[in-house]
Amino acid sequence: NWTKEEDNILLEKVNEYGIGNWTKISKYLPTKFVSQISYRYKSLFPFKKGNWSKDDDQYLLYLVENFGKNWLIFSQIFNRSYYSILYRYNYL
C-alpha cells in the first residue's frame, strides 16, 4: 500500500527527474522496488490511448520540427507512451 506521503514524494521526484527515471526516484522511496514505483505512477496517471486528433498530429509535427525527436519529452506532453508517439510520427 502507498501512503499519501509516498505519493507526494513520487510526484515531486517525477517533476524533478522526469517520467521514466524510476531508479533515481527509487532512492527517495527505499521501501519500494523500481517496478512498484513505475506501476504506481502509471496507475495514478494512465497514458492516454485511442485516436489522435488533427490538432495532436499538427502539434507533434511542430514539436519534432522545432525540438527534434525527443520522444520521451513528447510522451509527457501528450500523456501517451513513448512508443505511441514514435509510431504516430512514423505514420504521419
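Residues numbered from 1 in each chain as written. Predicted model: local features only at pLDDT ≥ 70, side-chain atom pairs only at ≥ 80, totals over all residues. Heavy atoms only, no water.

A.B. asks: Would you explain the UniProt feature "domain: HTH myb-type" (unreviewed entry) in the protein in this entry?
C.D. replies: As recorded in UniProt, the sites labelled "domain: HTH myb-type" (unreviewed entry) are residues 1-49. The span residues 1-49 is 61% helix and 0% strand, and its two end C-alpha atoms sit 27 Å from each other. (UniProt positions renumbered as here; feature names shortened; annotations may be inferred. Helix = DSSP H or I, 4+ residues; strand = E, 2+ residues; numbered from the N terminus.)

A.B. asks: Help me out: how do you make sense of the domain arrangement of the protein in this one?
C.D. replies: By a widely used convention, the size of an interface equals the accessible area lost when the partners come together. Looking at the assigned domains, one finds that the protein contains domain 1 (4-44) and domain 2 (54-91). Here the C-alpha centroids of domain 1 and domain 2 sit 24 Å apart. (Domains from an automatic or database assignment.)

A.B. asks: So what exactly am I meant to see when it comes to unusual backbone geometry here?
C.D. replies: Backbone phi values are negative for most residues with the exception of glycine, while trans is the configuration of most peptide bonds. We note that asparagine 79 has phi near 55 degrees; this positive angle belongs to a residue other than glycine. With respect to the helices and strands, the residue asparagine 79 is situated in the loop between helix H5 (71-78) and helix H6 (82-91).

A.B. asks: Sorry if this is basic, but what is going on with the packing of aromatic side chains here?
C.D. replies: Remark: the centre distance and the inter-plane angle together describe each pair of aromatic rings, the angle taken between the planes. All told, the structure shown has nine aromatic pairs when counted by the stated rule. Ring centres of tryptophan 22 and tyrosine 41 lie 5.5 Å apart, and the angle between their planes is 45 degrees; on these two criteria the pair is classed as tilted. With tryptophan 22 in helix H2 (residues 22-26) and tyrosine 41 in helix H3 (residues 34-44), this residue pair connects regions lying 19 residues apart in the sequence. Seen in terms of ring centroids, tryptophan 52 and phenylalanine 78 are 5.3 Å apart; in terms of plane orientation they differ by 50 degrees. Their pairing is tilted. (Phe/Tyr/Trp six-rings, centres within 6.5 Å; stacked < 30°, edge-to-face > 60°.)

A.B. asks: Can you help me understand the UniProt feature "domain: SANT" (unreviewed entry) in the protein in this one?
C.D. replies: In this structure's numbering, the residues bearing the UniProt feature "domain: SANT" (unreviewed entry) are residues 1-51. Across residues 1-51 one finds 59% helix and 0% strand; the C-alpha atoms that close the span lie 34 Å apart.

A.B. asks: Looking at this model, I keep getting lost on the packing of helix H1 (residues 4-17) against H3. Mind explaining?
C.D. replies: Packing of H1 against H3 brings their axes to within 11 Å, and their N-to-C directions diverge by 90 degrees. In terms of axis orientation, H1 runs roughly perpendicular to H3. Between H1 and H3, the contacting residues are Asp7, Leu10, Leu11 and Val14 on the first element and Ile37, Arg40, Tyr41 and Leu44 on the second. Its residues assigned to classes, the contact of H1 with H3 shows six nonpolar, no polar and two charged. (Axes fitted to C-alpha atoms, helices over the stretch in contact; angles between N-to-C directions. Parallel < 35°, antiparallel > 145°, perpendicular 65-115°, else oblique. Contact = heavy atoms within 4.5 Å. Nonpolar A, V, L, I, M, F, W, Y, C, P; charged D, E, K, R; others polar.)

A.B. asks: What is the right way to look at the packing of H5 against H6 in this model?
C.D. replies: How two helices pack is summed up by the angle between their axes together with the distance between the axes. Where H5 meets H6, the axes come as close as 8 Å, and the angle between the chain directions of the two elements is 100 degrees. Classified by the angle between their axes, H5 and H6 sit roughly perpendicular to one another. Here H5 contributes Trp71, Leu72, Phe74, Ser75 and Phe78 to the contact with H6, which in turn contributes Tyr82, Ile85, Leu86 and Tyr89. Residue composition of the contact of H5 with H6, by class: eight nonpolar, one polar and no charged.

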